[in-house]
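Residues per chain, in single letters:
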Amino acid sequence: MNISDYIREANNGSIAAKRYLYQQMRRDNWIICKRYLKDDLEAEDVLVDAFCHLDKSLHGFNYINDLAYYAYTNRIVVHECLKRLKKQHVFLVSDSHAEDIEADDNVLDTLTTREIMELILKLPPGYRTIFNLYVIEGYPHTEIAKMLGISEGNSWSQLSKAKKMMQKLLTAKGIYYDQQKR
């Protein structure tokens, strides 16, 4: 069976098909939840909420191909993460987190995926959220502002501060960008 078969079966009430779709969603979207939420229990809760949302909306989903289905589930997971973060009121972070540091906009190009993930998890939730939405998910600042209920300028500012804080964290570990660029 392929994904479209499982979707059809789930829409017909098959518990086995729903279980399969949940396991797929969990496997494919766990890292997304971790990038936004950091805490394992909270990430698991959000995945369950996301699956409940998916289960309710699946009958209206127009299956084109597996890639479209995965994009659909990813979008649901991101929005469920944002809903959770909105309840915590953590989108804007004070300037005290990002001290005056000269940030190089191309710094992230020199890092491995693992290094970037470690840095993301150390960011305060507000910075982490904006960074994830803009850099990783590819949302423009206008859409981020609408999704989070903040101004576009705040989105830009939070992203800049996130990058500065990431640079500060790397510098504290003894990693200097000028040396990596050579």
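Here the structure is shown first, and the text comes after it.
Residues numbered from 1 in each chain as written. Predicted model: local features only at pLDDT ≥ 70, side-chain atom pairs only at ≥ 80, totals over all residues. Heavy atoms only, no water.

**Q** Help me out: how do you make sense of the overall build of the chain in this one?
**A** In terms of regular secondary structure, the chain is built from 9 helices and 0 strands. Ordered by position from the N terminus, the helices and strands of the chain form the series α-α-α-α-α-α-α-α-α. Within the span of the chain, comprising 182 residues, buried residues form 43% of the whole. Long-range pairs, those at least 24 residues apart, make up 68% of the contacts in the chain between residues at least 6 apart in sequence. For the chain, the computed accessible surface area is about 10000 Å², with 51% contributed by carbon and sulfur atoms. (Helix = DSSP H or I, 4+ residues; strand = E, 2+ residues; numbered from the N terminus. Buried < 20%, exposed > 50% of the residue type's maximum accessible area, 1.4 Å probe, protein only. Contact = heavy atoms within 4.5 Å. Areas by Shrake-Rupley, 256 points an atom, 1.4 Å probe, with all protein chains shown as cover.)

**Q** Explain the packing of helix α7 (residues 141-148) against helix α8 (residues 152-172) here, please?
**A** For any two helices packed against each other, one specifies the inter-axial angle together with the distance between the axes. It is the contact of α7 with α8, at a shortest axis distance of 8 Å, that shows an interaxial angle of 105 degrees. Compared by their axis directions, α7 and α8 come out roughly perpendicular. Judged by residue contacts, His141, Thr142, Ile144 and Ala145 of α7 engage Glu152, Ser155, Trp156 and Leu159 from α8. Across the contact of α7 with α8, the residue classes tally to 4 nonpolar, 3 polar and 1 charged. (Axes fitted to C-alpha atoms, helices over the stretch in contact; angles between N-to-C directions. Parallel < 35°, antiparallel > 145°, perpendicular 65-115°, else oblique. Nonpolar A, V, L, I, M, F, W, Y, C, P; charged D, E, K, R; others polar.)

**Q** Explain α8 here, please?
**A** Because an α-helix completes one turn every 3.6 residues, residues spaced three or four positions apart along the sequence face the same direction. Look at α8: 30 Å from first C-alpha to last across 21 residues, which is about the 30 Å you get at 1.5 Å a residue. Buried within α8 are the following residues: Ser155, Gln158, Leu159, Lys161, Ala162, Met165, Met166, Gln167 and Leu170. (Expected span 1.5 Å × (residues − 1).)

**Q** Sorry if this is basic, but what is going on with the nonpolar core here?
**A** Across soluble globular proteins, nonpolar side chains show a tendency to be buried alongside one another. Of all hydrophobic cores here, the largest spans 47 residues; its most connected members are Leu21, Tyr36 and Leu133. Of all the secondary structure elements, the ones that give two or more residues to this core are α1 (3-11), α2 (15-37), α3 (40-57), α4 (66-88), α5 (113-122), α6 (125-136), α7 and α8. For Leu21, the contacting residues outside a window of four places in its chain are Ile3, Tyr6, Ile7, Ala10, Phe51, Leu58 and Tyr69. (Core = buried A, V, L, I, M, F, W, Y, C linked by side-chain atoms within 4.5 Å.)

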